[in-house]
Amino acid sequence: NESEMDCESCPIETPHWDGIACVVCPDGTQWDGESCVTNSCSEKLINAGVDPSTFTVDPNDPTRIIAPGRLQLGGDIDLSECSLFVGNFDYSGGYQTLKVKNLISKGQIDMSGEESHIIVENDVIAKSLISGICNFGCGITANRFIGWELGSTVAAMVSDQIYYCKGYYLSTCQNRWQYITEDTDTTSSKTVNTTSPSASLLGFPNACPYPTSKYGSLPKKLEVCHMLCYDDTPRWNSETRECEACPEQTPHWNGTTCIACSDSAPVWNEETKECEACPSETPHWNGTQCIACSDSTPVWNEETKACEACQSETPHWNGTTCIACSDSKPIWNAETKECEACPNETPHWNGTTCIDCSDSAPVWNSVAKECETCPSETPHWNGTTCIACSDDTPVWNSATKECEACPNETPYWNGTTCIACSDDTPLWNSAERVCEACPYPTPV
């Protein structure tokens, strides 16, 4: 306080200090010690033992709780600032009181336990009501009780009177019920005996006090009736006042709006109301369903949304990508999805198949991918390499693949064959590789 030069508390009209100024929390929020937070309807349900996965909070209004399935509550609970939109509502424990702003049920409201009280500030809507054992003053107290479908069996306390819709069986809180019909400017009522289940005896008309067929006119006060759209027609059209299916271009209802799934998450999960990726075993979305590519067409084309074969330059699919086998490992094994070397018995790859070189052409040319003969300087193939025979062992034995000496009967190698010297030329000239005559005259 500048004028008093003193520190003061926040005034009553703005009692909370947010670190900058004194503030008051707006309707629908509360002070948590540091700031104004949204209404704690969800926290109250959780504190009452309700599984938080069974309900959601309307993102546009935190006081609206949406539970498409069955919501069960027990004990005394104050939800007087909250509206419940449920598939079925179970409050059957007995000797308990629930305060709630609106109670909207797609199906049944079960309050069959003794002394079960539900006090609703505005409206109750249901298809059917189980009221069970009760006495005067128990049941539902509300501004209005509306049967969601014509022909439903519903009954409820409205102030000190009962609204009902075409009841063929009513619980016996009392044996006399007051039926209210609402005219333009007057309200008339009649009391009937309901001890008999006969509709004709009761004399009740075939329409509810408020005509409320599923797509018919609802009381204008019930601005939240569109929350009752479910299943195949989840979207409320405020102009036509009808529930509609999601349009073809956004066919899925996620609880808030209609959406379309993307290619990265194309699969709609109806339970979670979310789009999910294709599973690992069928990872590709072809526009209609998730598929897996086969070994014959293993490559996924994201543009065409189709599986294609590997290209000719890399014709083999190894489970991850298309590859080509090398000359060192040219054989494709479709089972192991690996390239393998040629087997030992046919070790050479000629570009088409594995072959072995013959003795007539034993030398493998890896450049030309052909078998060739040994060169003239080393003309003999010993099983490993090409060799030339020496003068000491000049004779090639193709059977043993070895060089051998000339036999005793023809001991000399003339460069072409083994020979023996004759009596006329008995002397062997190893340098010249010829037989020569003795010199003349021969010394004695």
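Every value quoted in this text rests on a predicted model; they were computed, and no experiment measured them. (Residues numbered from 1 in each chain as written. Predicted model: local features only at pLDDT ≥ 70, side-chain atom pairs only at ≥ 80, totals over all residues. Heavy atoms only, no water.)

Undergrad: Tell me about the packing of aromatic side chains, residues and numbers included.
TA: Counting across every chain of the model gives 2 aromatic pairs. Measuring from ring centre to ring centre gives 6.3 Å for Phe89 and Tyr91, while their planes differ by 15°; the resulting arrangement is stacked. Each of the two residues, Phe89 as well as Tyr91, counts as buried. With centroids separated by 4.8 Å and ring planes inclined at 5°, the aromatic side chains of Tyr412 and Trp428 adopt a geometry described as stacked. Residue Tyr412 is located in strand E41 (residues 412–413), and its partner Trp428 is located in strand E43 (residues 427–429); the two are separated by 16 residues in the primary sequence. Under the relative-accessibility criterion, Trp428 is labelled partly exposed at 23%. (Phe/Tyr/Trp six-rings, centres within 6.5 Å; stacked < 30°, edge-to-face > 60°. Buried < 20%, exposed > 50% of the residue type's maximum accessible area, 1.4 Å probe, protein only. Helix = DSSP H or I, 4+ residues; strand = E, 2+ residues; numbered from the N terminus.)

Undergrad: Any details on the environment of Lys401? Residues and values, ideally.
TA: Looking at where Lys401 falls in the secondary structure, it is placed in the loop between strand E39 (395–397) and strand E40 (402–404). Residue Lys401 is classed as partly exposed on the basis of its relative accessible area of 24%. Ignoring sequence-local partners within four residues, the contact set of Lys401 consists of Asp359, Trp381, Asn382, Gly383 and Trp396. Polar side-chain contacts of Lys401 include one of 3.0 Å to the side chain of Asp359. (Contact = heavy atoms within 4.5 Å. Polar contact = N/O pair within 3.5 Å; in protein donor to acceptor, adjacent residues only side chain to side chain.)

Undergrad: Mind laying out the nonpolar core, listing which residues take part and the relevant values?
TA: Among the nonpolar cores identified, the biggest contains 23 residues, and Leu73, Leu79, Leu84, Phe89, Leu98, Leu103 and Ile118 are the most heavily contacted of them. If you list the elements that add at least two residues to this core, you get helix H1 (41–47), strand E6 (64–72), strand E7 (77–90), strand E8 (96–105) and strand E10 (116–120). Once residues lying within four places of it in the same chain are set aside, the contact partners of Leu73 are Leu45, Ala48, Val50, Leu79, Leu84, Phe89, Asp90, Tyr91 and Leu98. (Core = buried A, V, L, I, M, F, W, Y, C linked by side-chain atoms within 4.5 Å.)

Undergrad: Give a description of the pairing of E8 that names residues and reports values.
TA: Summarising burial for E8: 7 of the 10 residues are buried, a large majority. Relative to E8, E7 runs parallel, the two being bridged by 7 bridges. Directly across from Phe85, in E8, lies its bridge partner Ile104. Bridging between E8 and E10 involves 5 bridges; their strand directions are parallel. Its bridge partner lying in E10, Leu98 is registered against Ile118. (Pairing = 2+ DSSP bridges.)

Undergrad: Kindly report on unusual backbone geometry, identifying the contributing residues and their values.
TA: The backbone phi angle of Lys305 is positive, close to 55°, even though this residue is not glycine. The topology assignment puts Lys305 in the loop between strand E27 (299–301) and strand E28 (306–308). Residue Lys369 is not a glycine yet carries a positive backbone phi of 55°. For Lys369, a relative accessible area of 25% gives the class partly exposed.

Undergrad: Before we move on, can you summarise the state of the cysteines with the specific residues and values?
TA: Within the structure shown, the criterion is met by 14 disulfides. The disulfide partner of Cys357 is Cys371, and the S-S distance across this bridge is 2.0 Å. Taking the sign of the S-S torsion, about -80° here, the bridge from Cys357 to Cys371 comes out left-handed. Highlighted residues: Cys357 in the loop between strand E34 (354–355) and strand E35 (363–365) and Cys371 in strand E36 (residues 370–372), separated in sequence by 14 residues. What pairs with Cys374 in a disulfide is Cys386, and their sulfur atoms sit 1.9 Å apart. (Disulfide = S-S within 2.5 Å.)

Undergrad: Pulling in residues and values, what's your account of the environment of Ser116?
TA: Mapped onto the elements of the fold, Ser116 is located in strand E10. Along the sequence, Ser116 and Asp76 sit 40 residues apart, while their C-alpha atoms lie 9.6 Å from each other.

Undergrad: Go over the confidence of the model for the chain, please, and point to the residues and values.
TA: Taken as a whole, the chain shows an average pLDDT of 75; of its residues, 72% reach a score of 70 or greater. With pLDDT under 50 throughout, residues 132–138 is counted as low confidence; its partners more than four residues away or in other chains account for 18 contacts. (pLDDT = per-residue confidence, 0-100.)

Undergrad: With reference to specific residues and values, describe the pairing of E6.
TA: Sheet topology places strand E5 (residues 56–57) next to E6; 2 bridges connect them, and they run antiparallel. From the neighbouring strand, Val57 faces E6, where its bridge partner is Ile65. Between E5 and E6, which follow one another and run antiparallel, lie 6 residues. Bridging between E6 and E7 involves 7 bridges; their strand directions are parallel. Note on E7: the bridge partner recorded for Ile66 is Phe85.

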